[in-house]
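The residues making up each chain are set out below.
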Amino acid sequence: GEALKTIAAGRGLTYGCAVFEKTLRDDARMREAVLREVASIVAGYEMKWRPTAPAEGRADYRAGDELLRFATDNGLALRGHTVVWHQNPPLWAIPRLHGREGEELVFAHIRDIMGHYRGRVREWDVVNEAVNVPEGRPDGLRRWGPYERGYDFLADCFRVAHEADPDAVLCYNDFGLEYDRIDQAAKRAAVLRLVEALKARGAPIHAVGIQSHLIAWYPFSQGVFRKFLADLAGLDLRIRLTELDMNERKVGGDIGKRDRFGASLVRRYLDAALDEKAVTGVLTWGLSDSENWLTGYAPRLDGLPQRSMPLDEAFERKPIWYALASAFRNA
Ligand SMILES: OC[C@H]1CNC[C@@H](O)[C@@H]1O[C@@H]1O[C@H](CO)[C@@H](O[C@@H]2O[C@H](CO)[C@@H](O[C@@H]3O[C@H](CO)[C@@H](O)[C@H](O)[C@H]3O)[C@H](O)[C@H]2O)[C@H](O)[C@H]1O
């Protein structure tokens, strides 16, 4: 039947997924499935600061360039992930990531990578996961060296990004924003304060990425989530669901029951999300369970692999694929 990218496009939505350059090169089934199903790809790791700056002053964009060639040759978009992130800074930079020098190292990286992909990567997660309320800062930001100046520094990151590529859509991306839990309510409020502060400083932020790493046993309220999306849209921000997958670590029963349950949660989530017209992009953090980070990160108690992606390890369409398809059709 129709592919997800076509069904999504029929509703003005872009469907994409995370990929790894090595897998696309080595696994013909993954390549085929990506070419069939998605309109946009994002690098799972290869375009982050550590792998792209192995030594000071020496950039390595080979893997990202390969992904860009694959995307361009096949009419796909390549989404940029991610520029400023407290995880995976280059080892050589870590001792110097504080104060003015720390800021300059970050700004230089923004200029380098966005300059290299200028006009070819149309959208970037400029800043990723900067909010962590439990760390106790009044602004809710992480206690990461470069974040010392808080909102002012992050505003500068978006300005430097805009200078590096004036045509790129600039995104703030984060996780833990989806569920009706006290910690996530506090995080939603902190992210709203952050984007309001960036807007108030005139920073060129265009979109927010809601990672959407769904968790099968967390409480989801369509009303609470719709309100958050409306608050973001009210700030004239576009919204993407950037890393959707289903953590079903604790879900028991046979495979059929697990898959149907996971798919029903994905559908309920998307029905709320796609009601918001500012949501124009949906990406899954993978496409097939043959390459599923959750199996390693959140192993099931029964030792079976997680079933988190639209396609199973044999690249067959799962109930999650059909949940995405019907949610897109009804958007
Ligand atoms: O954690 C899940 C999401 C959460 N949101 C942000 C998003 O960026 C994040 O994605 C995960 O982000 C993680 C950290 O960057 C990625 O993990 C990296 O994944 C890379 C590719 O597999 C690993 O790199 C390999 O590491 C090996 C051993 O060190 C080396 O031998 C390989 O050459 C190298 O490619 C990195 O160590 C490992 O840290 C995961 O694949 C990726 O799924």
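- As recorded by an unreviewed UniProt entry, the chain carries the name Beta-xylanase and is attributed to Plantimonas leprariae.
- The record in UniProt for the chain states the following under Sequence similarities (unreviewed entry): "Belongs to the glycosyl hydrolase 10 (cellulase F) family."
- Under the UniProt heading Catalytic activity (unreviewed entry), the note attached to the chain is "Endohydrolysis of (1->4)-beta-D-xylosidic linkages in xylans."

**Thoughts on the overall build of the chain**
- When helices and strands are counted, the chain shows twelve helices and nine strands.
- At 19 Å, the chain has a C-alpha radius of gyration in line with the 20 Å of a compact globule built from 331 residues.
- Once the C-alpha set of the chain is aligned to its principal axes, its extents read approximately 55 × 45 × 40 Å.
- Going through the 331 residues of the chain one by one, you find that 56% of them count as buried.
- Contacts in the chain between residues far apart in sequence, at least 24 positions, make up 77% of those at least 6 positions apart.
- Total accessible area on the chain is roughly 13,300 Å²; 53% of this is exposed by carbon and sulfur atoms.
- Computed over 47 positive and 48 negative side-chain charges, the separation of the two mean positions in the chain equals 2 Å.

**Some points on the layout of surface pockets**
- Of the voids in this model, the largest pocket is the one considered here, and its volume is about 870 Å³.
- Listed by contribution, the elements that provide at least two residues to the lining of the largest pocket are β3 (77–85), α8 (182–200), β7 (213–215), β8 (238–247) and α11 (293–297).
- The leading source of residues in the lining of the largest pocket is α8, at four residues.
- When its residues are assigned to classes, the lining of the largest pocket shows 18 nonpolar, twelve polar and nine charged.
- Its boundaries defined by the atoms lining it, the second largest pocket holds a volume of some 250 Å³.
- Lining of the second largest pocket is provided by 14 residues; of these, Thr-14, Ser-40, Arg-79, Glu-123 and Arg-240 occupy positions nearest its centre.
- Counting residues per element, the ones that place at least two in the lining of the second largest pocket are β1 (14–19), β3 and β9 (279–284).
- Broken down by element, the residue count for the lining of the second largest pocket peaks at four residues, all from β9.
- Of the residues assigned to the lining of the second largest pocket, the class counts are five nonpolar, five polar and four charged.

**A look at the site of the ligand**
- Among the 14 residues in the neighbourhood of the ligand, the closest are listed as Lys-48, His-81, Asn-88, Glu-129 and Glu-243.
- One of the side-chain nitrogen or oxygen atoms of Asn-88 is found 2.5 Å away from an oxygen atom of the ligand.
- The contact in question runs from a nitrogen atom of the ligand to an N or O atom on the side chain of Gln-211, over 3.0 Å.
- Alone, the ligand offers 790 Å² of accessible surface; in the complex the protein occludes 50% of this.
- Considered class by class, the residues forming the shell around the ligand number five nonpolar, six polar and three charged.

**What about empty space enclosed by the protein?**
- Applying the stated rule across the entire model yields one cavity of 30 Å³ or more.
- When its volume is computed, the largest cavity comes out at roughly 70 Å³.
- Taken together, Tyr-179, Leu-214, Ile-215, Ala-216, Tyr-218, Phe-220, Met-246, Leu-265, Arg-268 and Tyr-269 make up the full set of residues lining the largest cavity.
- If you list the elements that add at least two residues to the lining of the largest cavity, you get β7 and α10 (255–273).
- Split into classes, the residues belonging to the lining of the largest cavity amount to nine nonpolar, no polar and one charged.

**Let's talk about the packing of α10 against helix α12 (residues 319–329)**
- Interhelical geometry of α10 versus α12 gives an angle of 20° and a closest axis separation of 8 Å. Here α10 is positioned roughly parallel relative to α12, judged by the angle of their axes. The chirality of how α10 crosses α12 is right-handed. In contact with Asp-259, Arg-260, Gly-262, Ala-263, Val-266, Arg-267, Leu-270 and Asp-271 of α10, α12 contributes Pro-319, Ile-320, Ala-323, Leu-324, Ser-326 and Ala-327.
- Looking at side-chain class alone, the contact of α10 with α12 contains eight nonpolar, two polar and four charged residues.

**As for the environment of Val-131**
- Tracing the sequence through the fold places Val-131 in the loop between β4 (123–128) and α7 (151–164).
- Given a relative accessible area of 0%, Val-131 falls into the buried group.
- Considering only alpha carbons, one finds Val-131 and Ala-39, 92 residues apart in sequence, at a separation of 30 Å.
- In contact with Val-131, not counting residues within four places along its chain, are Gly-140, Leu-141, Arg-142, Tyr-172, Asp-174, Lys-187, Ala-190, Val-191 and Leu-194.

Calculation notes
Residues numbered from 1 in each chain as written. Predicted model: local features only at pLDDT ≥ 70, side-chain atom pairs only at ≥ 80, totals over all residues. Heavy atoms only, no water. UniProt positions renumbered as here; feature names shortened; annotations may be inferred. Helix = DSSP H or I, 4+ residues; strand = E, 2+ residues; numbered from the N terminus. Rg over C-alpha atoms; globule rule 2.2 N^0.38 Å. Buried < 20%, exposed > 50% of the residue type's maximum accessible area, 1.4 Å probe, protein only. Contact = heavy atoms within 4.5 Å. Areas by Shrake-Rupley, 256 points an atom, 1.4 Å probe, with all protein chains shown as cover. Lys, Arg positive; Asp, Glu negative; His and termini not counted. Charge placed at Lys NZ, Arg CZ, Asp CG, Glu CD. 1 Å grid on protein atoms, 1.4 Å probe; cavity = no way out; pocket = protein on both sides within 12 Å on 5 of 7 lines; lining within 4 Å. Points joined across faces, edges and corners; volume = space filled by probe spheres on them. Nonpolar A, V, L, I, M, F, W, Y, C, P; charged D, E, K, R; others polar. Near = heavy atom within 4 Å. Polar contact = N/O pair within 3.5 Å; in protein donor to acceptor, adjacent residues only side chain to side chain. Axes fitted to C-alpha atoms, helices over the stretch in contact; angles between N-to-C directions. Parallel < 35°, antiparallel > 145°, perpendicular 65-115°, else oblique. Left-handed = near helix turned anticlockwise from the far one by under 90°.

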